[in-house]
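Summary of the model geometry
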Amino acid sequence: MTDEKRDKKHETILPIGPFHPLLKEPEYFKVHVDGEKVTDFDFRLGFNHRGIEKIVESKTYSMATTLLGKVCGICNQAHSLAFSIGVEKINKITVPKRGKYIRTITFELERIQSHLLWLGVMAEAIGFETVFMHSWRERERTNYLFELMTGNRIAKEMSVVGGSKWDLDEKTGKKVLSELPNLVKFANNMERVFTKDKLVHKRLKEVGVLSKEEAKHFDVVGPVARASSLDFDIRKNSPYEVYKDFEFNVIVGDGADCLERTLVRIREIKESAEIIRQCIELLPGGEHRLKFFKSAEGKTTSRVEAPRGENAHFMVTGEMNPVRLKIRAPTYANIPPLKTMLLNQKIADVPPIIISIDPCFSCTDRIAVYKKGELVKRV
Amino acid sequence: MTFVKKSPWIFHLNTGSCNGCDIEAVACVTPGFDIERLGAKLVGSPRHADIILVTGPVNKHSLERIKTVVEQAPKGKVIVGIGACTISGGLFKDSYNTDPPLGKHMPVTMYIPGCPPKPEAIIAGLAKALEALK
Ligand code: SF4
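All of the points below concern the structure found in this document. Since the model is a prediction, treat every value here as computed from it, not as a measurement.

With that settled, the discussion passes to the overall build of chain A. When its secondary structure is counted, chain A shows 15 helices and 10 strands. Its C-alpha atoms give chain A a radius of gyration of 21 Å, within 12% of the compact-globule value 21 Å for 379 residues. In terms of its C-alpha atoms, chain A occupies a principal-axis envelope of roughly 70 × 55 × 35 Å. Within the span of chain A, comprising 379 residues, buried residues form 60% of the whole. Counting only contacts in chain A whose residues sit at least 6 apart along the sequence, the fraction spanning at least 24 positions is 69%. Carbon and sulfur atoms form 52% of the exposed surface of chain A, whose accessible area is close to 15,100 Å².

This part takes up the interface of chain A and chain B. Quite often, the size of an interface is put as the accessible area lost when its parts meet. The interface is formed by 40 residues belonging to chain A together with 37 residues belonging to chain B. Interface area for chain A against chain B, summed over the two sides, is near 3,200 Å², with a carbon-plus-sulfur share of 66%. Of all residues in chain A, Phe19, Phe47 and Arg50 of chain A bury the most surface against chain B, accounting for 20% of the area lost on that side. The tally of links between chain A and chain B comes to 2 salt bridges. One salt bridge connects Lys118 of chain B with Glu147 of chain A, and the closest N-O pair in it is separated by 2.6 Å. Taken together, chain A and chain B are joined by 8 residue pairs in polar contact (both at pLDDT 80 or more). Of all the secondary structure elements, the ones that give two or more residues to the side of chain A that touches chain B are α1 (52-55), α2 (61-69), α5 (129-150) and β9 (368-371) of chain A. Counted by class, the side of chain A that touches chain B contains 21 nonpolar, 7 polar and 12 charged residues.

All names here are of chain A. The pairing of strand β7 (residues 309-317) with strand β8 (residues 322-328) spans 6 bridges and is antiparallel. Along β8, the bridge assignment pairs His313 with Ile327. Counted along the chain from β7 to the antiparallel partner β8, the turn is 4 residues long.

Before going further, it helps to examine the pattern of salt bridges. This model, assessed by the stated rule, comprises 32 salt bridges over all chains. Glu170 of chain A serves as the salt-bridge partner of Lys174 of chain A, at 3.6 Å between the closest nitrogen and oxygen. Separated by 4 residues within a single helix, Lys174 of chain A and Glu170 of chain A lie in helix α6 (residues 170-196), roughly one turn from each other. Glu170 of chain A carries the same exposure label as Lys174 of chain A, and that label is exposed. A salt bridge links Lys104 of chain B to Asp99 of chain B; the nearest nitrogen and oxygen atoms lie 2.7 Å apart.

Let us now look at the site of the ligand. In the vicinity of the ligand, the residues found are Lys70 of chain A together with Ser17, Cys18, Cys21, Gly83, Ala84, Cys85, Phe92, Gly114, Cys115 and Pro116 of chain B. More than one chain reaches the ligand: the nearby residues come from chains A and B. Its residues assigned to classes, the shell around the ligand comprises 7 nonpolar, 3 polar and 1 charged.

Next up on the list: the sheet that holds strand β2 (residues 28-34) of chain A. Residue and element names in this part refer to chain A. With antiparallel pairing, the 3 strands of this open sheet are ordered in space as β1-β2-β3. Here the strands that pair on one side only, and so sit at the sheet edges, are β1 (11-16) and β3 (37-44). The average angle at which neighbouring strand axes cross in this sheet is 20°, direction not considered. With 6 bridges connecting them, β1 and β2 associate as antiparallel partners. When the sheet's bridge partners are listed, Glu11 is paired in β2 with Asp34.

What counts and what doesn't
Residues numbered from 1 in each chain as written. Chains lettered and ligands numbered in written order. Predicted model: local features only at pLDDT ≥ 70, side-chain atom pairs only at ≥ 80, totals over all residues. Heavy atoms only, no water. Helix = DSSP H or I, 4+ residues; strand = E, 2+ residues; numbered from the N terminus. Rg over C-alpha atoms; globule rule 2.2 N^0.38 Å. Buried < 20%, exposed > 50% of the residue type's maximum accessible area, 1.4 Å probe, protein only. Contact = heavy atoms within 4.5 Å. Areas by Shrake-Rupley, 256 points an atom, 1.4 Å probe, with all protein chains shown as cover. Buried area = accessible area lost by both parts, 1.4 Å probe. Salt bridge = Lys/Arg side-chain N within 4 Å of Asp/Glu carboxyl O. Polar contact = N/O pair within 3.5 Å; in protein donor to acceptor, adjacent residues only side chain to side chain. Nonpolar A, V, L, I, M, F, W, Y, C, P; charged D, E, K, R; others polar. Pairing = 2+ DSSP bridges. Near = heavy atom within 4 Å. Axes fitted to C-alpha atoms, helices over the stretch in contact; angles between N-to-C directions.

So this is what it looks like as structure tokens:
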């Protein structure tokens, strides 16, 4: 609906947030509605801003990867890995192959974990509590594996500059391999549910459509882009780490709606399991970590494909600590098209549409503008 | 036979955390740990809550709103801080945009340490908080 045609007299503003049971994080969405129909959409970020980019400037490189893991608790390796890759690039370090493989194992397992978590949240948004409980139960498997590998369920911190923090012994590797079929079985099961179930189709099909042209226009990333037929995945398009060694498919769908985004993520779980299997089978021997203390000065950009899409870090390094770091998290690219997806939809469809982009605000809240010590605005 | 005196209803409040503590708090409700066995339940409104689980290093931007939300909870509520962030600011204590500890802004009954604490620790903490509710 264009702005001139809108009958603003009959409009109501429906606030979602900052503290709302739908959102697990504090953010504010302003949904304008006319009756049942959404006519406009706006959002405010900044409730989650912690100034990580500033804090990291006072940390050494080994401390920085731990801190960057806390950019987001769900995909914490995405950030420490992107940072490590960047610093390694500047210093021209040849990371031991074993370290790279181990980092990839936890990174892909993290994708499975994140997608299962998201699937649960999505199912809850459409009132499908059973799937929420089932997928979080399966997610415990991945957390258990993380605990075996790194000693932590959530804060994995596997990537450090120069390799992987921990080695992977044979027994743990076998344990990981033995859990993979369970995860794939669950993904197959869910794929069946989401392709066949009529009620799910009623809630998700042709809801929140983002056509290919619009997706290109907004430059969306990750599963949201791939569900709108954009074949884009950093793991294939500009391979980092050791992704060249593996065979896997990039899942692309053409439904462009909430259902397709769900299916893309479910299928990605299976691909990730496949990558992990190849990783463990091909795992080379030798060292897994190089010692790293001082960095050369330089600047670079590094990109990784996080569970939610492209995650880019721009960094300028000093000798002992980073001089500047800019994080561009995937959700940042995926929020603007929300308006296109939401226009003319029903109020009841707002939660699944917002959830369908898998928003992660603790990743996204990056900028605060200060003028003479006074806070001017947060972006 | 002893009866549980109270089934605590829990409201979860995120004050700008990294999500780590939040997903562990939600994991408590799901089949792996299932605090519903103990009669506890996650509710969507602070007005229904007996226990408020607070995570995160208290973002300055949302401080006023956090206070409003906590004030809405009925009398006799118990506030539980989860994670290193609520105790000292944790990794974010040097940040210009956070104002830890949580105890400065509201009466906190207990803290559960960890970054993030494991669900077992959160459940043990909740069991102790139940005693404070009596
Ligand atoms: S205590 Fe640790 S895990 Fe919890 S919110 Fe703070 S940084 Fe995240």
